[in-house]
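Below are the chains, spelled out letter by letter.
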Amino acid sequence: MNYQAEARRLFNRLRQDGAYDVARKVSLRVARRLDRRFLWAELDFPLLPEDIASSNELSTVSRGSSPHGFTGVGRRAAVDGPLHIGWVCSPPGPGSGGHTTLFRMVRALEERGHRCTLFLYDTNSDDVERHEPVIRSYWPDMKAEIRSARPSIGGVDAVVASAWASAHVAERRTDAQVPRFYFIQDYEPYFYPRGYLYELAQDSYSLGFTHIALGEMVRKSLVHELSLEPATTIPFGCDTDMYGLLKADGAAATPTAARGGVVLYAKTDVHRRGYLLAKAGLELFHQMHPEQEIHVVGDHVTGWRIPVTAHGSLRPQELNALYNRCSAGLALSFTNISLAAEELMAAGCVPVVNDSDLAKADLASPGVLWARATPTGIAGALARIVEHPHPELQAREVAALPRKGWGISQQRFSSFIESSLTAARVNSWTV
């Protein structure tokens, strides 16, 4: 049997039936089980061959025209009114944290009267309409038009890349005269072992974009690894409008019900979020405190040796209600800090985070319990929290700690985009 052909047939059949996410997962499972690693890697590669850019080509390849025949419209001669900003990103899944942060910046520019268009990049399909219901449902306040990044990105005054792959796409599919910005939310080479993807991610920072770094971890990593100082750095924030203490009736106030249990936001395929470490730590924790309910939200999970309450994907309001019930939550991250850490604290739930200088660069709150990145370290930290003699007092103290909303980050981001574009003419841009 030709296993490669069969995997591809299944993949294409399901994709055509409108079940791309299912197709991708099934195809990857087939490839893994058959040990066809080359097929697995090919199916999961985030770029088409023609979209791989290279920083060492920038001085030798004409950027006035695309090497692949893509035609961009270009930008007008001067910015003299509302801007039209293009945002290049992958199709988001429900509640995606990185997309949520990106879309906050989109909304900030929309609120200032600018027009925004999302250019979705999908290596397997140009059918962006199937992604629109998720975007409109989970980010209803964002009004941006939704288009495909293929075959080209045009008709905009500037483009904002949102991750390393989208930077390559923006470089290859946008007219050379369009200013390019790069909103960097993490140092993405750290997502991979040393190899081709690591190098592609790292090279994305040398493609000549104007860098906007989210937080000190990103800024310091760019400086340390590549001697690149970003053009500006905006601070991490917390969605203080959505996350906070609740009364029993759901109103914002001091909690009245007793707390108990712990919660994990599971990202099973995102290695930097430490799912396997969290699972091992929680299984040890259950031996220490079998009376504590363990809640798992996010991805579907299997193979646990202990009882867990699996909630699946929850909307922010539902997450906040769950966080208000729990004493502790896991917010592990081996690169930039997870957004969940401050969201847990806002709801009075003590976050346990693996002890990491990278995570500490943007989270200096005394409400965090830092733990060694071992199962016993995680289990011991959770035990300390649930053994607190006054859980309601602990919750109030953690929730009362100062934290910044996203307003200042949105303001700085928008002001930087506006000032950068209105201060320059086309012939003065160096990208």
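Note that residues are indexed from 1 along each chain, following the sequence as it is written. Predicted model: local features are reported for residues with pLDDT of at least 70 only, side-chain atom pairs are reported and counted for 80 or more only, and whole-chain, interface and lining totals are derived from all residues. Side-chain descriptors were evaluated using all non-hydrogen atoms of the structure, hydrogens and water having been removed beforehand.

## A short note on the overall build of the protein
Note the following rule: Think of it this way: any DSSP run of H or I at least four residues long counts as a helix, any run of E at least two long counts as a strand, and we number them from the N terminus. Classification of residues uses two cut-offs on accessible area relative to the type maximum, computed with a 1.4 Å probe and protein chains only: under 20% is buried, over 50% is exposed, and between them is partly exposed. Here, residues are in contact when the closest pair of their heavy atoms is within 4.5 Å. Using a 1.4 Å probe, the Shrake-Rupley method yields the accessible areas, and only the shown protein chains count as cover for residues.
Secondary structure assignment for the protein yields 15 helices and 13 strands. Within the protein, the fraction of its 431 residues that count as buried is 52%. Within the protein, contacts between residues separated by at least 24 positions form 67% of all contacts whose residues are at least 6 apart in sequence. When the accessible surface of the protein is summed, it comes to about 19,500 Å², and 50% of that surface belongs to carbon and sulfur atoms.

## A short note on the environment of arginine 194
Quick reminder of the rule: For the purposes of these results, a polar contact is taken to be a pair of N or O atoms within 3.5 Å, where, inside protein, one atom must be able to donate a hydrogen and its partner to accept one; residues adjacent in sequence count only when each atom of the pair is a side-chain atom.
Mapped onto the elements of the fold, arginine 194 is located in the loop between strand S5 (180-184) and helix H7 (196-203). By relative accessible area, arginine 194 is classed as exposed at 65%. Within the local environment of arginine 194, its side chain forms a polar contact with the side chain of tyrosine 198, the two groups lying 3.4 Å apart.

## Regarding the sheet that holds strand S12 (residues 350-354)
Strand pairing in a sheet takes place through backbone hydrogen bonds and is either antiparallel or parallel in direction. Heads up, the rule is: Strands qualify as paired when DSSP identifies two bridges or more between them. Helix axes are fitted only over the stretch in contact, all axes being lines through C-alpha atoms; the angle between N-to-C directions runs from 0 to 180 degrees.
Strand order in this open sheet of 6 strands is S10-S9-S8-S11-S12-S13, and the pairing throughout is parallel. Across the chains shown, the open sheet's two edge strands, defined by having one partner strand only, are strand S10 (309-312) and strand S13 (369-371). Here the strands of the sheet are splayed against their neighbours by 25° on average, with no regard to which way each runs. Both strand S11 (residues 328-330) and S12 contribute to a ladder of 3 bridges, which runs parallel.

## What to know about the nonpolar core
Here is the rule we go by: By convention a nonpolar core is built from buried Ala, Val, Leu, Ile, Met, Phe, Trp, Tyr and Cys residues, the set being connected through side-chain atoms within 4.5 Å.
With 82 residues, the main nonpolar core has Trp87, Leu118, Phe413 and Ile417 as its most contacted residues. Broken down by element, the residue count for this core peaks at 7 residues, all from helix H13 (residues 375-386). Non-local contacts of phenylalanine 413, meaning those with residues more than four positions away in its chain, are made with Trp87, Met105, Leu109, Val160, Phe183, Ile212 and Ile234. One finds Ile153, Trp164, Val169 and Met217 within the second-largest nonpolar core, a separate group that totals 29 residues.

## Describing the packing of helix H4 (residues 97-111) against helix H15 (residues 407-422)
Relative placement of two packed helices is described by the angle separating their axes and the distance separating the axes. Formally: In this scheme the crossing of two helices becomes right-handed for a clockwise turn of the near helix relative to the far one and left-handed for an anticlockwise turn of less than a right angle.
Where H4 contacts H15, the axes come no closer than 9 Å and their chain directions differ by 65°. Every pair of crossing elements has a handedness; the one defined by H4 and H15 is right-handed. Note on element contacts: H15 touches H4 through Ser409, Gln410, Phe413, Ser414 and Ile417, opposite Arg104, Met105, Arg107, Ala108 and Leu109.

## Focus on the pattern of salt bridges
To keep things clear, this is the line we draw: Salt bridge, as used here: a side-chain nitrogen of Lys or Arg that lies within 4 Å of a carboxyl oxygen of Asp or Glu.
As enumerated under the stated definition, the model contains 15 salt bridges in all. A salt bridge links glutamate 50 to arginine 173; the nearest nitrogen and oxygen atoms lie 3.9 Å apart. Of this pair, glutamate 50 sits in the loop between helix H3 (37-44) and strand S1 (84-89) while arginine 173 sits in helix H6 (residues 164-173); the two residues are 123 residues apart in sequence, bridging distant segments of the chain. A single network of salt bridges, built from pairs that share partners, joins Glu50, Asp51 and Arg173.

## Digging into the layout of surface pockets
As a reminder, the rule being used: Cavity: a set of points on a 1 Å grid over the protein atoms alone where a 1.4 Å probe fits but cannot get out. Pocket: an open set with protein on both sides within 12 Å along at least five of seven lines, its lining residues, like those of a cavity, having an atom within 4 Å of a point. Grid points are joined across faces, edges and corners, and a volume is the space filled by probe spheres set on the points.
One number sums up the size of the second largest pocket: a volume of about 260 Å³. Lining the second largest pocket are 18 residues, with Phe236, Glu342, Asp362, Leu363 and Lys404 positioned closest to its centre. Only helix H8 (215-226) and strand S7 (232-234) provide two or more residues apiece to the lining of the second largest pocket.

## Overview of the confidence of the model for the protein
The condition is simple: What pLDDT expresses is the predictor's confidence in each residue, scored from 0 to 100.
Looking at the protein as a whole, the pLDDT averages 86, with 81% of positions reaching at least 70. Note on residues 59-78: pLDDT is under 50 here. Beyond four places in sequence and across chains, it has 41 contacts. Here residues 425-431 is a poorly scored stretch, pLDDT under 50, and it has 18 contacts once near neighbours within four places are set aside; other chains count.

## Structural notes on the packing of helix H9 (residues 275-288) against H13
Stated precisely, the cut-off is as follows: Working rule for angles: under 35 degrees goes down as roughly parallel, over 145 as roughly antiparallel, 65 to 115 as roughly perpendicular, anything else as oblique. Here the nonpolar group is Ala, Val, Leu, Ile, Met, Phe, Trp, Tyr, Cys and Pro; Asp, Glu, Lys and Arg are the charged ones; every other residue, Gly included, is treated as polar.
At a minimum axis separation of 8 Å, H9 and H13 run at an interaxial angle of 50°. As summarised for this structure, H9 and H13 are arranged oblique, according to the angle between their axes. Crossing geometry of H9 relative to H13 is assigned as right-handed. Across the interface between the two elements, Leu277, Ala280, Gly281, Leu282, Leu284, Phe285 and Met288 from H9 touch Pro375, Thr376, Ile378, Ala379, Gly380, Leu382, Ala383 and Val386 from H13. When grouped by side-chain class, the residues that make up the contact of H9 with H13 number 12 nonpolar, 3 polar and no charged.

## Here's the deal with the sheet that holds strand S2 (residues 115-120)
Spatial strand order, S3-S2-S1-S4-S5-S6-S7: 7 strands in an open sheet with parallel pairing. Whereas interior strands pair on both sides, the edge strands pair on one side only; in this sheet they are strand S3 (145-148) and S7. On average, each strand axis in the sheet is inclined to that of its neighbour by 25°, with strand direction left out of account. Relative to strand S4 (residues 158-161), S1 is paired through 4 bridges, and the arrangement is parallel. Each bridged residue has a counterpart across the sheet, and for glycine 86 the counterpart in S4 is valine 159.

## Some remarks on the side chain of serine 162
Within the element layout of this structure, serine 162 appears in the loop between S4 and H6. Engagement of the side chain of serine 162 in a polar contact is seen with the backbone oxygen of valine 88, the distance being 2.6 Å. Setting aside chain neighbours within four positions, we find serine 162 in contact with Val88, Cys89, Leu102 and Phe183.

## A short note on empty space enclosed by the protein
Taken as a whole and judged by the stated rule, the model has 2 cavities of 30 Å³ or more. Here the largest cavity is characterised by a volume of approximately 50 Å³. Along its surface, the largest cavity is lined by Phe236, Gly237, Ile337, Ser338, Leu339, Glu342, Asp362 and Leu363. Considering only residue class, the lining of the largest cavity consists of 4 nonpolar, 2 polar and 2 charged. In this structure, the second largest cavity spans a volume of roughly 30 Å³. Contributing to the lining of the second largest cavity are Leu120, Asp122, Ser125, Asp126, Asp127, Val128, Arg130, His131 and Ser148. A breakdown of the residues in the lining of the second largest cavity according to their chemical character gives 2 nonpolar, 3 polar and 4 charged.

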